[in-house]
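The primary structure of each chain is shown beneath.
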Amino acid sequence: MRCDVVIIGGGLAGLTAALELQRAGRRCVVVAGGMSLHETPRAAFIAAGGVFLRGDFVKRGEWKGSRLLRVWTRNLGSEPIEAKDFILATGRFFSKGLASTMDEIYEPIFGCDVRYDKDRSAWVNTDFFGPQPFEEFGVETDGCGHAMIHGVAAENLYAAGEILCDRKDIEQSALAVCRNII
Amino acid sequence: MQEHNISENNFEQCLKCTICNSVCPMMAANPSYPGPKQAGPDGERYRIKDPRFFDLTLKYCLNCKRCEVACPSGVKVGDIIQIARLKYARQNHPLRDMALASTDLAGTLACKAAPGINGLVNSKPVRNILNAVGIDQRRAIPEYASETFVQWYEAHREEQAAYDRQLNYFHGCYANYNCPQLAKDLVAVMNACGYGVKLLEGERCCGVALISNGFGKQARKQARANIAAFDASEGPILTTSSTCTFTIRDEYSQVLGLDMHGNSERIEMAVKWLYSAVDQGTVKLAFKDGFKARMAYHTACHMSKLGWAVYSIGLLRMIPGLDLVVLDQECCGMAGTFGFKKENYNLSQKIGSKLFGSISTVAPDAVVTDCETCKWQIEQGTGLETLNPISVLARAIDVEKTKKLNNA
């Protein structure tokens, strides 16, 4: 299957980007495996001709240098989805955009660079209701929203929404990525 | 999921987010159903300790699997409920339920008596009797064909075998007994693409109705016969029913606990196979100039669970004269044999009403869906003709031009 943009994640960030791009004439596929609660933008995206793969997860991708060529999902099996651009909007720990072990925080699909404190004891504030340092952890991007992998900006993989470090605005980060793609 | 899980259905992964409850069609229509979270992972904790915690309201679960599609944690909520029902439930209407679930027997008998039987079962005295045994008198009984697909195929076996390239076809009960036209459409489309169609030796009903009616032993027997039939064949096994496909691929191993002998990957919807073949350029389709229609596509719940609606929609969008509107995914409320039962009829219609409403807003010439029981429900609820995507393709393709393109 081929399209212009694959958006990984069907939450607020993913759907904001998908709707914006689909309306701008890009053929979009949303792979929505995590939490997807926003019915109105989803219905608008489908009505605009977008493809919404509900309950599907991206398993892996194929790269040529720093360019992502295609991704494989659980439900589509051996059939990959090819696209010019990809947006990673898989959310945080609950939606499995970020995963952690006892001493490491990582991005499970592509191994994007995640900014977090290497000192494990600094992850949490013992004051339960206080600000939590781990909430600032997340995927690192360059100035144009490209995801960083091993210190190099991916050419056509962007990150948007809650997955980002420093708690950026969900919708604004998604729209900023769209401006770079269009 | 995690290496320390002890269950096979990930119930330890449930974080109590309740998104499953928010997508459950039964919970929205029936306040006495506790919902997938409580019926599934929450209740399972208690049932493991003491089977007396089994709750009879679990019979309301439609097994639509919308809960599993929505779950961000990979909990097989629907499987947990199905397994609990097979293990603990006692039937209240064993005779009626067995009659509804015995699709092969009913089909064989009804087809012998067709077409006369179609009028007879819908006559008032027979409906009164059916109503008394628990099949609702308002539900239209599906028609049976006087010639089954298998009988038709026997007369065409040699001409199908003449093709160099062959594909297996698991037709299922509906295409065999109720709508042989669908199976003939599949044969016509595949022939135009240069492929002959082969049937499996000893195919039986997939058993979905046996599973949902609590007949685990009989379901396993049928499943084993089908797995043996898969073992005896080679290459992809195409299907035209999303429910048969999902039952074979997922429920045989996950609910019935059977070994699929590595055949799960071979079962695929014909739309998936065809879309991929066109995408890769190995098959080309040419369409009639004069074909023109407005249709609404309904994603059946099991098609959504398979994740393959994208292939049906993709193929339909290749048809130049087709104005296709993709409906937001809703449950139609039929759920196989559920909607035939007297005690469920009103619930079934209540669940379906949302879908009927969105269809009438679109005002299509026909509805398209990959599921036969959705078709029955939609036809009864909206009065619109409801087709399988393969039948739409069969009507839209230019057979001669397609044959030429594929050197068939």
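Residue positions are given per chain, counting from 1 as you read along its sequence in written order. For naming, the first written chain is A and the first written ligand is 1, with later ones following in the order written. The model is predicted, so local features are restricted to residues of pLDDT at least 70 and side-chain atom pairs to those at 80 or more, both for listing and for counting; the totals for chains, interfaces and linings are taken over all residues. Calculation of side-chain values draws on the structure's entire complement of heavy atoms; hydrogens and water are dropped beforehand.

(A) Inspection of empty space enclosed by the protein at higher detail. Whether a set of points on the 1 Å grid over the protein atoms alone is a cavity depends on a 1.4 Å probe fitting there but being unable to get out, while an open set qualifies as a pocket with protein on both sides within 12 Å along at least five of seven lines; lining residues are those with an atom within 4 Å of a point. Grid points are joined across faces, edges and corners, and a volume is the space filled by probe spheres set on the points. Using the criterion set out here, one finds 5 cavities of 30 Å³ or more in the structure. As for the largest cavity, its lining consists of 19 residues, of which Phe52 and Leu53 of chain A together with Thr299, Ala309 and Ile313 of chain B are closest to the centre. Counting only elements with at least two residues in the lining of the largest cavity, the list comes to strand E3 (51-54) of chain A together with helix H17 (301-306) and helix H18 (309-316) of chain B. Counting from the N terminus, the helices are the DSSP runs of H or I reaching at least four residues and the strands are the DSSP runs of E reaching at least two. Counting residues per element, the lining of the largest cavity draws most heavily on E3 of chain A, at 4 residues. Looking at the lining of the largest cavity residue by residue, the classes come out as 11 nonpolar, 5 polar and 3 charged. Three classes are used: nonpolar for Ala, Val, Leu, Ile, Met, Phe, Trp, Tyr, Cys and Pro, charged for Asp, Glu, Lys and Arg, and polar for all others, with Gly counted as polar.

(B) The pairing of strand E1 (residues 5-8) of chain A, seen in detail. All names here are of chain A. Going residue by residue along E1, you find Val5 and Ile7 tucked away on one face and Val6 and Ile8 tucked away on the opposite face as well. Sheet analysis places E1 next to strand E2 (residues 28-32), joined by 4 bridges and oriented parallel. When the sheet's bridge partners are listed, isoleucine 7 is paired in E2 with valine 30. Look down the strands so they point away from you; if the path from the first strand over the helix to the second goes clockwise, the crossover is right-handed. In the classification by handedness, the crossover that spans E1, the intervening helix H1 (residues 12-23) and the parallel E2 is right-handed. In this scheme, strands are said to pair when DSSP sees at least two bridges between them. In this sheet, strand E7 (residues 85-88) lies alongside E1 in parallel orientation, the contact comprising 4 bridges. If you follow valine 6 over to E7, its bridge partner there is phenylalanine 86. Residue exposure (1.4 Å probe, protein chains only): buried if accessible area is under 20% of the type maximum, exposed if over 50%, otherwise partly exposed.

(C) Fine view of the packing of aromatic side chains. All names here are of chain B. Under the pairing criterion, centres of Phe, Tyr and Trp rings, with the six-membered ring standing for Trp, must be within 6.5 Å; the plane angle then separates stacked pairs below 30 degrees from edge-to-face pairs above 60, leaving the rest tilted. The final tally for this structure, using the stated rule, is 15 aromatic pairs over all chains. Each ring, one from tyrosine 195 and one from tryptophan 273, has its centre 4.9 Å from the other, and the planes form 85°; the classification is edge-to-face. Placement of the pair is tyrosine 195 in strand E2 (residues 195-199) and tryptophan 273 in helix H16 (residues 270-279), with a sequence separation of 78 residues. For tryptophan 273, a relative accessible area of 11% gives the class buried. Note on tyrosine 275 and tyrosine 311: the rings are 5.4 Å apart at their centroids and 55° apart in plane angle, and the pair reads as tilted.

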